[in-house]
Amino acid sequence: MKQGYIHIYCGEGKGKTSILNGMAVRAVGSNMKVKYIRFLKNRPTSENKVLEKIGVEVENYYHFSTKFIWDMNEQEVEEFKIETQKGFERLKELLKSNEVDLIIVDEILGALENKFIDKEEFVLALKTRNQNIEVALSGRYSFEQLDEIADLISEVKPKKHYFEKGVNSRKGIEF
């Protein structure tokens, strides 16, 4: 029996999703079974194509819109919450599985911060998971109860970014 750990990759800097993608590739290269769930993002990305080729499907729980949360009307926000809850139900199912070694959950911290998922319920799901499962979480901001149960927390801080000079996201680099 092996022990799985809880990782948090947070902060306002660029690179959190890239860390998770690297973990997925490394795990598959070691014959681990990987499940990947993504919240708050729905843009097709180049890395999704590579992950798919190596057998990692990114399950995206944001399909109905291309808007940012702050651009949504009340009805759209409610629809977004429903879709996010479906993703959380899927995550809870995976956390109990004997068929997965690593679960990657991209942008879950944003879903928690926006109150689309209850923080206490999320922490409980992690505490009661199959303890053999490694779980990697990302997003901008963590919180005390989650930090307490995490085994690894890395913060990505921006120091300088070319976006500040007006450079837009570039295919192959940012997506």
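Data block above holds the structure.
Residues numbered from 1 in each chain as written. Predicted model: local features only at pLDDT ≥ 70, side-chain atom pairs only at ≥ 80, totals over all residues. Heavy atoms only, no water.

So, the overall build of the chain
Check the secondary structure of the chain and you find six helices and six strands. Counted from the first residue to the last, the chain has its helices and strands arranged as β-α-β-α-β-α-β-α-α-β-α-β. In summary, the chain has a C-alpha radius of gyration of 16 Å against a globular reference of 16 Å for 175 residues, a match within 12%. Seen through its principal axes, the chain has C-alpha atoms that stretch 50 × 35 × 30 Å. Taking all contacts inside the chain whose residues are at least 6 apart in sequence as the whole, residues at least 24 apart take part in 72%. When the accessible surface of the chain is summed, it comes to about 10300 Å², and 49% of that surface belongs to carbon and sulfur atoms. (Helix = DSSP H or I, 4+ residues; strand = E, 2+ residues; numbered from the N terminus. Rg over C-alpha atoms; globule rule 2.2 N^0.38 Å. Contact = heavy atoms within 4.5 Å. Areas by Shrake-Rupley, 256 points an atom, 1.4 Å probe, with all protein chains shown as cover.)

Observations regarding the layout of surface pockets
Estimated volume of the largest pocket: approximately 1500 Å³. Those elements that place two or more of their residues in the lining of the largest pocket are helix 1 (16–29), helix 2 (46–53) and helix 4 (108–113). Of all the elements, helix 1 adds the most residues to the lining of the largest pocket, at four residues. In terms of residue class, the lining of the largest pocket is made up of 12 nonpolar, 14 polar and 13 charged. (1 Å grid on protein atoms, 1.4 Å probe; cavity = no way out; pocket = protein on both sides within 12 Å on 5 of 7 lines; lining within 4 Å. Points joined across faces, edges and corners; volume = space filled by probe spheres on them. Nonpolar A, V, L, I, M, F, W, Y, C, P; charged D, E, K, R; others polar.)

Concerning the pattern of salt bridges
One pass over the structure, following the stated rule, counts 10 salt bridges. Close ionic contact of E93 with R90 constitutes a salt bridge, the shortest N to O distance being 2.6 Å. Of this pair, E93 and R90 both sit in helix 3 (residues 74–95), three residues apart, which is roughly one turn of that helix. Among the ionic contacts, a cluster of salt bridges with common partners joins R38, K41, D106 and E107. (Salt bridge = Lys/Arg side-chain N within 4 Å of Asp/Glu carboxyl O.)

Comments concerning the packing of aromatic side chains
Two aromatic rings are characterised by how far apart their centres lie and by the angle between their planes. Tallied over the entire structure, the rule returns four aromatic pairs. A ring pair is formed by Y162 and F163, whose centres lie 5.7 Å apart and whose planes are at 85 degrees; its orientation type is edge-to-face. Note on F163: relative accessible area 34%, which makes it partly exposed. Just above the ring of F143 sits the side chain of K119; from NZ or CZ to the centre is 4.7 Å. (Phe/Tyr/Trp six-rings, centres within 6.5 Å; stacked < 30°, edge-to-face > 60°. Buried < 20%, exposed > 50% of the residue type's maximum accessible area, 1.4 Å probe, protein only. Lys NZ or Arg CZ within 6 Å of the ring centre and 35° of its normal.)

So, the side chain of T84
By secondary structure assignment, the location of T84 is in helix 3. Here T84 is in contact with F39, Y61, A111, F116 and I117, once residues within four sequence places are set aside.

A short note on the sheet that holds strand 6 (residues 152–155)
The strand order across the open sheet built from six strands is 3-2-4-5-1-6, with neighbouring strands paired in parallel fashion. Pairing within the sheet leaves two strands with one partner each, and these edge strands are strand 3 (58–61) and strand 6. Strand-to-strand, the axes of this sheet are offset by a mean angle of 15 degrees, without reference to chain direction. In terms of strand pairing, strand 1 (residues 6–10) meets strand 5 (residues 134–139) through five bridges, oriented parallel. (Pairing = 2+ DSSP bridges. Axes fitted to C-alpha atoms, helices over the stretch in contact; angles between N-to-C directions.)

Function cannot be read off these values alone, since they describe shape.
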